[in-house]
Amino acid sequence: MKVLNMTQKKWLLSLHILFSAIMLGTSVTFLILSIAAVSTNDSGLILSCYKAMHVLSTTSVRASFIGTIVTGLLLSVWTHWGLVKYYWIIAKEFLSLIALILGPIGMYIWTLQGISLITDVGVEGANQGAMVVNTVSLFIGIALQLISLVAMFLLSVFKPWGKRK
């Protein structure tokens, strides 16, 4: 098993933090764009917000998620932390699964559905029930994504619950 020296660990940890920050920033951007889409009647703006969120879901969300997972796994395996030695790491792994379902998968699906609902018949002609369900799903997904990401940041800083026996 490879063990990193302090300089290598700092570089890998810096990359991990950078990818995590990009993921958090993208989630905040999703929140802002979704609020803009819900608070207007301008069909062009609504469609633009959904298209921007969709582009983000296929680019920075995926890249930052992959980068965060890879660097996190390497940090676990190549340092004394391990994959299952500490409860806080296991909690972060569980939250990462939630982030995967909500981020690269959920945001992609919800934004694509929103775009198709709008482009087929326009905002005025779109099935309003389907738009409401899609918008609520998107908001819940964004909120849960932000909560899970903030929880992962806090777990990384405070490292609660100690080592497993």
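Residues numbered from 1 in each chain as written. Predicted model: local features only at pLDDT ≥ 70, side-chain atom pairs only at ≥ 80, totals over all residues. Heavy atoms only, no water.

Draft legend 1. Broad picture of a nonpolar patch on the surface. Together, V132, V136, I140, L144 and I147 line one region of the surface with nonpolar side chains, adding up to about 450 Å² of accessible area. Residue placement: V136 occurs in helix α5 (residues 128-158). (Patch = residues over 30% accessible without salt bridge, like charges linked within 9 Å, V, L, I, M, F, W, Y side chains within 5 Å. Areas by Shrake-Rupley, 256 points an atom, 1.4 Å probe, with all protein chains shown as cover. Salt bridge = Lys/Arg side-chain N within 4 Å of Asp/Glu carboxyl O. Helix = DSSP H or I, 4+ residues; strand = E, 2+ residues; numbered from the N terminus.)

Draft legend 2. Broad picture of the nonpolar core. Residues F30, Y50, M53, M107, I118, L138 and I142 are the most contacted members of the largest nonpolar core, which totals 19 residues. Take this core: its biggest share by element is six residues, from helix α4 (residues 87-125). If near-sequence neighbours (up to four positions away) are discounted, F30 is found in contact with M53, L56, S57, V61, M107, T111 and I142. By size, the runner-up hydrophobic cluster in this structure holds eleven residues, among which are M23, Y86, W88 and M152. (Core = buried A, V, L, I, M, F, W, Y, C linked by side-chain atoms within 4.5 Å. Buried < 20%, exposed > 50% of the residue type's maximum accessible area, 1.4 Å probe, protein only. Contact = heavy atoms within 4.5 Å.)

Draft legend 3. How the structure looks around the packing of helix α1 (residues 6-38) against helix α3 (residues 60-78). Contact geometry of α1 with α3 gives a least axis separation of 8 Å together with a crossing angle of 150 degrees. Taken together, the axis directions place α1 and α3 in an arrangement best described as roughly antiparallel. Every pair of crossing elements has a handedness; the one defined by α1 and α3 is left-handed. Contact with α1, carried on its side by K9, L12, L13, L15, H16, F19, S20, I22, M23, T26 and F30, involves S60, V61, A63, S64, F65, G67, T68, T71, G72, L74, L75 and W78 of α3 and no other residues of that element. (Axes fitted to C-alpha atoms, helices over the stretch in contact; angles between N-to-C directions. Parallel < 35°, antiparallel > 145°, perpendicular 65-115°, else oblique. Left-handed = near helix turned anticlockwise from the far one by under 90°.)

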